[in-house]
Every structure is written in C-alpha cells, then in structure tokens.
Amino acid sequence: MILTNCVIITNDDKNNFYEDGAIYIDGNVIADIGDRSDILEKYPKEEKVDLKGKLVMPGMICAHSHIYSAYARGMSVSKPTDNFFNVLENQWWTLDRNLSLEDVKLNALTTYMESIQNGVTTLVDHHSGPNSVEGSLFAIGEAAKELGIRTSLCYELSDRDGKEIRDKEIKENIDWIKACQKDDNGDMLKGLFGLHASFTLSDETLDKAREAMEEVYDGYHVHIAEGIEDEWETIRKHGKRVVERLDDFGMITENTLAIHGVHMSEREMDILKKHNTPLIFNPESNMNNAVGCPPIIRAMEKGIKVGMGTDAYTNDMFDSLKVANVLLSHNACDPTKGFGEALEIQFTNTPQIVSKYFDKKIGVLEKGAYADLITFNYDPYTPLNKDNWGGHALFGLTGRLVNDTIINGEFVMKDKIILKVDQHEIHAKSIERAKEIWKNV
Ligand SMILES: [Zn+2]
C-alpha cells in the first residue's frame, strides 16, 4: 500500500520532511518514503491511498499509563483525598479492588480505543486489580489484539492486599512475560515486571520478585518517589532512599522504566544515569496529585533519558506535551526552558526508550521502521516546515485532529471510525459496569 498526497513529518535522525510525500508500506513495515513523484515512479503497481493533503506523522507513544482507572471518569469519591496516600487508598485502591476480569477487559478496550482516536499507537501499561489478578494481563492483551494496538503490560506488585494476592501478582507478571517471549504475537505484545512503589513493598517481596525474574528478564516498571511519603517510608524502614534501595535489589537496569522521580535526590539521579535507566515524566498527573514538579531539567542535564507518560490522566499525548512545556517553564521561572525539553522528551527520547522493547523502531517514519503512523486534518495558517514542526505539534495539533491511525501496517481507525470492534456497544457495556462499581467507591 502507498499512502500518497500527504505532508510528512518523519521525526527520523535527519529530520526529513516532505511537503508532497508518499509512504510505501509493505506488510507491517515502511519499505520506502520520500517525495510523491519518486515513490510513485518506483512502485507503479502498488495500491494507492490518496490522503488528500493530510499531515502524516509517526504514531504517538505513551510510556506509562493505568488502564484500570478507566471507570474513574466522572466518579465521585466519598472519603478524603487530602494527601497522596489518601488519593491512593480512597480512590485508586478502592476502584481497582472492585474490578472483575470482565471489567479489566472493558477498561482496556475503552482506553485503547480512545488512545487510537488520539493517535497513540503504542501504550505501556501498569495494571492493578487485586481481586482479579489471575489472567488480568491476558485479558488486556486480548483487548489489544482485537483492536490492533501495540502494547507493553505489567502487573503492579504490592504488599497491600496480603501474601496470597502478592504471590498471584508475581505469578501473573512472570506468566505474561513468558507468554510474550514464547508466543508469536507479531511483536505487538510485550511484558515488564510491575512494582507499585518502594513504600508498599517489603524486602521479602522484592526478594521474591527478583528470584522469579532471574530466569526471565531484567526489566521492571516501577513508580519512584512520586509522593514524598515513598521517600520518608523507605528511609524510615530501610535507612536508604528509594532508588538506592531498588538498586540494591538489582532492579535499576537499562530495561527498567522508572516513573515520576518527583522527590529523587542528586544521588538517586546518578544511580539512574549509571544504569541508563529511563525516567518517565507524567506532568498532568504530578500537578493533579499536587506531589510537585520532578527535577526533569536537572535529570536531562545529567544525561538521564526522560520519556513521556500520562499516568492515565489523559489518553492524548498532545495534552501531555503541552502541559510538560508549561510546567517545566513555570517551575524553572525561565521562559527559555520547557519548549525544547518537552519536544525532546516526546519525539526523541520516548521513541528510543520504547523502541528498545520491540524488534523494529517505532515513533519514526523511515525505511525499516514499523508502519505505525497517524494522519491529521490540519490546515495550518502559518508556515509548517522541517525547522518548526515541533511548534505546530505543541501549539497546533491535538489528538482530536487525528483522522486515521495505522498500526503495524493496518488501518485501525479510518476517517475517525474505529474499524475492528463496535465502539458504541463497548461504551454501553462500560457505562453499565461503571454504575455498578461506583456504588462501592
Ligand atoms: Zn502510575
């Protein structure tokens, strides 16, 4: 298939930009990309899809989210949420304890659909649901398969629901990672080992997690120093800081995703840097929970690769991009900060961080990369070119302007219609279940 008659932002190493371009997709990869006349001349017999001047760019990547929080939209919480611990206990941990496996799959379908509508083609999730642990990652994986979205999953290990559930959580992570390593899923499904956070994990539990992972993999997905409580509790109980403690367990590796880092110290940043462990920034979530602004600019100065997530605050990465810019700028009281960093985090670092888990590159449009891309109905009223597309991405584009989403060489949304499932039927079921769940929150 050749996508033709389009403006193309490639986001490749050379920052190639085509004002009148075409992309030849062979199977699930980009086989060629360039000026329309060149591509059409080279492959005259290929089927053509006329994009009628639309803007094309790589699919957006979300490096941290929580599908399980889908029913929270519009939900009221009766107990206090006046500090970070109460936000967890009274909102998120009450919600996730009420989820059945059917809910888990419904949450995945609705979140993935909204992600696809907003141009997200790869989503890295961190799941929790202590009363439906067994098979939960497989239920999310089924939803991803049905919709055709690329995803990486893990289960959030924690001591908060007792040892029996804890052991199931360890098993679910390992079963899922092994299934992904063994199954031929076309490189669409991946697994990491999920850990909630240092302050909800005992030494015994971390030992068990590490032992279970020894034969399998060394990639963890863990919240670090999101609230100050994580640092306080870790220092009080273990006499060291969060990243120091996880490093002592061998869990700070190149394949680990460290999430938030709001309260991390210089020494903790040095440990992340030493192991080339990426840090994932979730600006809206940090602001919403009022936990503070992580030292993102300092971390980047130290050479830590910072990527972008949403923490499920939104399913639109353009929202995160906009807020990353204003938060970093505002926090630094320096208008020269924020803009460049936000673009680097979303468009340079996140593709590099998440591509590492897959066989081919994502987040760039170049020969040999996976054909994960999006089109926009975007009619700019100022010049758009290779030097300023970042400004358009930040101030002009939003998820709502996405018209088509192609993942792994296949249209999964065309002209704003989700192709593979009946979206309205799924939404109707989700509304019915949410009403039931809300009675318990
Ligand atoms: Zn999170």
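If you're wondering where the values come from, they're calculated on a predicted model, not measured in any experiment.

Engineer: What is the right way to read the overall build of the protein chain from this model?
Structural biologist: Per the secondary structure count, the protein chain includes 15 helices and 17 strands. Rg of the C-alpha trace for the protein chain: 21 Å, near the compact-globule value of 22 Å for 441 residues, within the 12% margin. For the protein chain, the C-alpha atoms occupy an extent of roughly 65 × 50 × 45 Å along the three principal directions. If you take every contact in the protein chain between residues at least 6 apart in sequence, the share linking residues at least 24 apart comes to 75%. For the protein chain, the accessible area works out to roughly 17600 Å², and carbon and sulfur atoms hold 48% of it. Separation of charge centres in the protein chain, based on 49 positive and 72 negative side chains, amounts to 1 Å.

Engineer: Hey, could you run me through the environment of Y378 in this one?
Structural biologist: Looking at where Y378 falls in the secondary structure, it is placed in the loop between β14 (373-376) and α14 (389-395). The class for Y378 is buried, based on a relative accessible area of 18%. Once residues lying within four places of it in the same chain are set aside, the contact partners of Y378 are L55, L384, H392, G396, L397 and L401.

Engineer: When you look at the pairing of strand β16 (residues 410-414) in this model, what are you seeing that I'm missing?
Structural biologist: Moving residue by residue along a regular strand, the side chains alternate between the two faces of the sheet. Direction of pairing for strand β15 (residues 402-407) relative to β16: antiparallel, over a ladder of 3 bridges. Paired with T405 across the two strands is M413, which belongs to β16. Here β15 hands over to β16 after 2 residues, with N408 in that stretch at a positive phi of 55°. The pairing of β16 with strand β17 (residues 417-418) spans 2 bridges and is classified as antiparallel. Following the sheet pairing, M413 is matched in β17 by I418. Where β16 hands over to β17, the hairpin turn is made up of 2 residues, of which D415 adopts a positive phi near 45°.

Engineer: Got a minute to help me understand the coordination of the zinc ion in this structure?
Structural biologist: Between any two of four tetrahedral donors, the ideal angle at the metal is 109.5 degrees; between two of six octahedral donors, it is 90 or 180 degrees. Within the protein, H64 (NE2), H66 (NE2), H223 (NE2) and D311 (OD) serve as the donor atoms for the zinc ion, at 2.0 to 2.2 Å. With 4 donor atoms in place around the zinc ion and angles of 90 to 164° between them, the coordination shape is irregular. The sequence pattern formed by the donor residues of the zinc ion is H-x1-H-x156-H-x87-D. For H64, a relative accessible area of 0% gives the class buried.

Engineer: Hey, could you run me through the sheet that holds strand β8 (residues 189-191) in this one?
Structural biologist: By definition, the strands of a sheet pair up through backbone hydrogen bonds, in either a parallel or an antiparallel sense. Strands sit in the order β5-β6-β7-β8 across an open sheet of 4 strands; the sheet is parallel. Looking at the sheet topology across the chains shown, the edges are occupied by β5 (60-65) and β8. Adjacent strand axes in the sheet meet at a mean angle of 15° when their direction is disregarded. Bridge analysis of strand β6 (residues 120-125) against strand β7 (residues 150-153) gives 3 bridges, and the strand direction is parallel. The residue bridging V124 from the neighbouring strand is S152, located in β7. Set on the sheet, helix α4 (residues 136-147) makes contact with β6, β7 and β8; between it and β7 the angle comes to about 175°.

Engineer: Whenever I open this one, unusual backbone geometry confuses me. Can you help?
Structural biologist: Most peptide bonds take the trans form, and the phi angle of most residues other than glycine is negative. Despite not being glycine, H260 has its phi angle at roughly 80°, a positive value. Summarising the element assignment, H260 is placed in strand β11 (residues 257-260). Of note, C333 is a non-glycine position whose phi angle comes to about 50°, a positive value. Looking at the secondary structure, you find C333 in the loop between α12 (317-332) and α13 (339-355).

Engineer: Explain the sheet that holds β16 to me, please; I cannot follow it from the model alone.
Structural biologist: If you walk across this open sheet you meet the 8 strands as β3-β2-β1-β4-β14-β15-β16-β17, and the pairing is mixed. Lying at the two open borders of the sheet, with one neighbouring strand each, are β3 (29-35) and β17. Inspection of the sheet shows strand β2 (residues 17-26) paired to β3 by 6 bridges, in the antiparallel sense. If you follow A22 over to β3, its bridge partner there is G34.

Engineer: Would you explain the packing of aromatic side chains in this entry?
Structural biologist: To describe a pair of aromatic rings, one takes the distance between the centres and the angle between the planes. This model, assessed by the stated rule, comprises 7 aromatic pairs. On the numbers, 4.3 Å between centres and 45° between planes, the contact of Y24 with Y43 is tilted. Of this pair, Y24 sits in strand β2 while Y43 sits in the loop between α1 (36-42) and β4 (48-58); the two residues are 19 residues apart in sequence, bridging distant segments of the chain. On the basis of relative accessibility, which here comes to 10%, the residue Y24 falls in the buried class. Centre to centre, the rings of F193 and Y220 are 5.7 Å apart; their planes meet at 55°, and the pair counts as tilted. Highlighted residues: F193 in strand β9 (residues 193-197) and Y220 in strand β10 (residues 220-224), separated in sequence by 27 residues. The side chain of R150 reaches across the aromatic face of F358, ending 5.7 Å from its centre.

Engineer: Explain the state of the cysteines here, please?
Structural biologist: In a disulfide, the sulfur atoms of two cysteines are held together by a covalent bond. Tallying each qualifying case throughout the model produces 0 disulfides. In this model C154 remains outside any disulfide bridge; the closest cysteine sulfur is found in C180, 11 Å from its own.

Engineer: Would you take a moment to explain the pairing of β9 for this structure?
Structural biologist: Across the 5 residues that make up β9, a large majority, 5, are buried. Sheet analysis places β9 next to β10, joined by 4 bridges and oriented parallel. Within the sheet, the bridge partner assigned to L195 lies in β10 and is V222. Handedness of the crossover joining β9 and β10 through helix α6 (residues 203-213): right-handed.

Engineer: What's the story with the nonpolar core in this structure? I'm lost.
Structural biologist: Formed by 101 residues in total, the largest nonpolar core has its most connected members in M57, Y112, F193, L195, I224 and L279. At 7 residues, the largest contribution of residues to this core is made by helix α3 (residues 101-117). Not counting residues up to four positions away in its chain, the partners in contact with Y112 are I67, L123, I140, A143, A144, L147, I149, T151 and L153. Counting 17 residues, the second-largest nonpolar core is a separate cluster that includes M1, Y18, I23 and I25.

Parameters and conventions
- Residues numbered from 1 in each chain as written.
- Predicted model: local features only at pLDDT ≥ 70, side-chain atom pairs only at ≥ 80, totals over all residues.
- Heavy atoms only, no water.
- Helix = DSSP H or I, 4+ residues; strand = E, 2+ residues; numbered from the N terminus.
- Rg over C-alpha atoms; globule rule 2.2 N^0.38 Å.
- Contact = heavy atoms within 4.5 Å.
- Areas by Shrake-Rupley, 256 points an atom, 1.4 Å probe, with all protein chains shown as cover.
- Lys, Arg positive; Asp, Glu negative; His and termini not counted.
- Charge placed at Lys NZ, Arg CZ, Asp CG, Glu CD.
- Buried < 20%, exposed > 50% of the residue type's maximum accessible area, 1.4 Å probe, protein only.
- Pairing = 2+ DSSP bridges.
- Donors = N, O, S within 2.8 Å, 3.2 Å for Na, K, Ca; no water.
- Tetrahedral: all angles 85-135°; square planar, octahedral: opposite > 155°, others 65-115°.
- Axes fitted to C-alpha atoms, helices over the stretch in contact; angles between N-to-C directions.
- Phe/Tyr/Trp six-rings, centres within 6.5 Å; stacked < 30°, edge-to-face > 60°.
- Lys NZ or Arg CZ within 6 Å of the ring centre and 35° of its normal.
- Disulfide = S-S within 2.5 Å.
- Right-handed = clockwise from strand over helix to strand, strands pointing away.
- Core = buried A, V, L, I, M, F, W, Y, C linked by side-chain atoms within 4.5 Å.

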